[in-house]
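Here's the letter readout for the chains.
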Amino acid sequence: MWFDPKCPWAWNTSRWLLEVEQVRDVRVRFQVMSLWLLNDGREGLDDWYAEWLSDTLGPVRVLTAAEQKYGADVLRDLYTAFGNRIHHSRTPIGPELYADVLAELGLAPELAAAADSAEYDEALLASHRAGLDPVGEDLGTPAIHVTSAAGDVNAFFGPVVTPVPRGEAAGLLWDGVVLVSATPGFYELKRGRNVRPSVD
């Protein structure tokens, strides 16, 4: 799953996938994408969304720096640490947040400086493109790639869901999403969204 830690819909999808791990033979690997990169240079963004995007680059830079130093497995717990603070504690995005999540996991505190540096932007862009290019244009996070036993990759955006399905309900949603998204020629299933994400 490719995620931007500030996106509440991606957060819900990530928590759903962790539920799926408990009831299906699935192991989730987390990768970083950036809503800031996705929208950079786009015209016509709503003012509220442009403002919302303004602090999203720092966290993904810190995550990318940590991945470069420790490997991709660090992203699972680091994403959880970021997400718990951003979505539940409503911790403002900034230096204190970075220092706190790194300290919780015993990671090098100097990685916090990556938030204000372009040093890891090439690696961030590579991860971003690896996640989104197979999914298609104008789509963002959550982006999921499912690799079959034969090695084929089924890439798609979503699901966008609230609240987070638990237990066997999570497994059934997984079964349906994989079945539908792997159907040749299938492109879209959507309905109007009239609720805000209930993060969990």
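To start, this report covers the structure provided alongside it.

Conventions we followed
Residues numbered from 1 in each chain as written. Predicted model: local features only at pLDDT ≥ 70, side-chain atom pairs only at ≥ 80, totals over all residues. Heavy atoms only, no water. Buried < 20%, exposed > 50% of the residue type's maximum accessible area, 1.4 Å probe, protein only. Helix = DSSP H or I, 4+ residues; strand = E, 2+ residues; numbered from the N terminus. Arc of directions from axis to C-beta. Contact = heavy atoms within 4.5 Å. Axes fitted to C-alpha atoms, helices over the stretch in contact; angles between N-to-C directions. Parallel < 35°, antiparallel > 145°, perpendicular 65-115°, else oblique. Nonpolar A, V, L, I, M, F, W, Y, C, P; charged D, E, K, R; others polar. Core = buried A, V, L, I, M, F, W, Y, C linked by side-chain atoms within 4.5 Å. 1 Å grid on protein atoms, 1.4 Å probe; cavity = no way out; pocket = protein on both sides within 12 Å on 5 of 7 lines; lining within 4 Å. Points joined across faces, edges and corners; volume = space filled by probe spheres on them. Salt bridge = Lys/Arg side-chain N within 4 Å of Asp/Glu carboxyl O. Phe/Tyr/Trp six-rings, centres within 6.5 Å; stacked < 30°, edge-to-face > 60°. Lys NZ or Arg CZ within 6 Å of the ring centre and 35° of its normal.

**Examining helix α6 (residues 95–104)**
Part 1 of the reasoning: Every buried residue of α6 is listed here: Leu97, Tyr98, Val101 and Leu102. Each buried residue of α6 lies within a common arc of 120° when the element is viewed along its axis, so the set occupies one face. In this structure, α6 carries Pro95, Glu96 and Ala103 as exposed residues pointing more than 90 degrees from its buried face.
Part 2 of the reasoning: For α6, the elements touching its buried residues are α4 (57–70) and α5 (74–89).
Part 3 of the reasoning: Note on α6: the residue one or two positions beyond its end, Gly106, has a positive phi of about 70°.

**Some points on the packing of helix α1 (residues 8–23) against helix α8 (residues 167–181)**
Part 1 of the reasoning: Where α1 contacts α8, the two axes come as close as 8 Å, and the packing angle between them is 100°. The orientation of α1 relative to α8 falls into the category roughly perpendicular. Of α8, the residues touching α1 (which contributes Trp16, Leu17, Glu19, Val20 and Val23) are Gly167, Glu168, Ala170, Gly171, Leu173 and Trp174.
Part 2 of the reasoning: The residue makeup of the contact of α1 with α8, split by class, is seven nonpolar, two polar and two charged.

**Some thoughts on the nonpolar core**
Part 1 of the reasoning: Residues Met1, Phe3, Trp16, Phe82 and Tyr98 are the most contacted members of the largest nonpolar core, which totals 54 residues.
Part 2 of the reasoning: By residue number, the principal contributor to this core is α5, which donates seven residues.
Part 3 of the reasoning: Each residue touching Met1, except ones within four places of it in the same chain, is listed here: Ala10, Thr13, Ser14, Leu17, Arg29, Phe30, Gln31, Tyr79, Pro142, Ala143 and Ile144.

**Quick look at the layout of surface pockets**
Part 1 of the reasoning: Considering only enclosed or pocket space, the second largest pocket measures out at about 250 Å³ in volume.
Part 2 of the reasoning: Forming the boundary of the second largest pocket are Met1, Trp2, Leu17, Val26, Arg27, Val28, Arg29, Ile144, His145, Val146, Thr147 and Trp174.

**Quick notes on the pattern of salt bridges**
Once their charged atoms are close, side chains differing in charge can pair, the charge on each being opposite to the other.
Part 1 of the reasoning: A complete count under the given rule lists nine salt bridges for this structure.
Part 2 of the reasoning: Between Lys6 and Asp55 there is a salt bridge, and its shortest N-O distance comes to 2.7 Å. Residue Lys6 is found in the loop between β1 (2–3) and α1, and its partner Asp55 is found in the loop between α3 (47–53) and α4; the two are separated by 49 residues along the sequence.
Part 3 of the reasoning: According to the relative accessible area criterion, Lys6 is buried, its value standing at 14%.

**Remarks on the packing of aromatic side chains**
Part 1 of the reasoning: Across all of its chains, the model carries eight aromatic pairs by this definition.
Part 2 of the reasoning: Ring centres of Phe30 and Tyr79 lie 5.7 Å apart, and the angle between their planes is 70°; this geometry places the pair in the edge-to-face category. Taken together, the residues span a long stretch of sequence, with Phe30 in the loop between α1 and β2 (31–32) and Tyr79 in helix α5 at a distance of 49 residues.
Part 3 of the reasoning: By relative accessible area, which is 0% here, Tyr79 ends up buried.
Part 4 of the reasoning: Cluster of aromatic residues (ring-pair linked, three or more members): Phe3, Trp11, Phe30 and Tyr79.
Part 5 of the reasoning: The ring of Trp11 carries Arg15 above its face, with NZ or CZ at 3.9 Å from the centroid.

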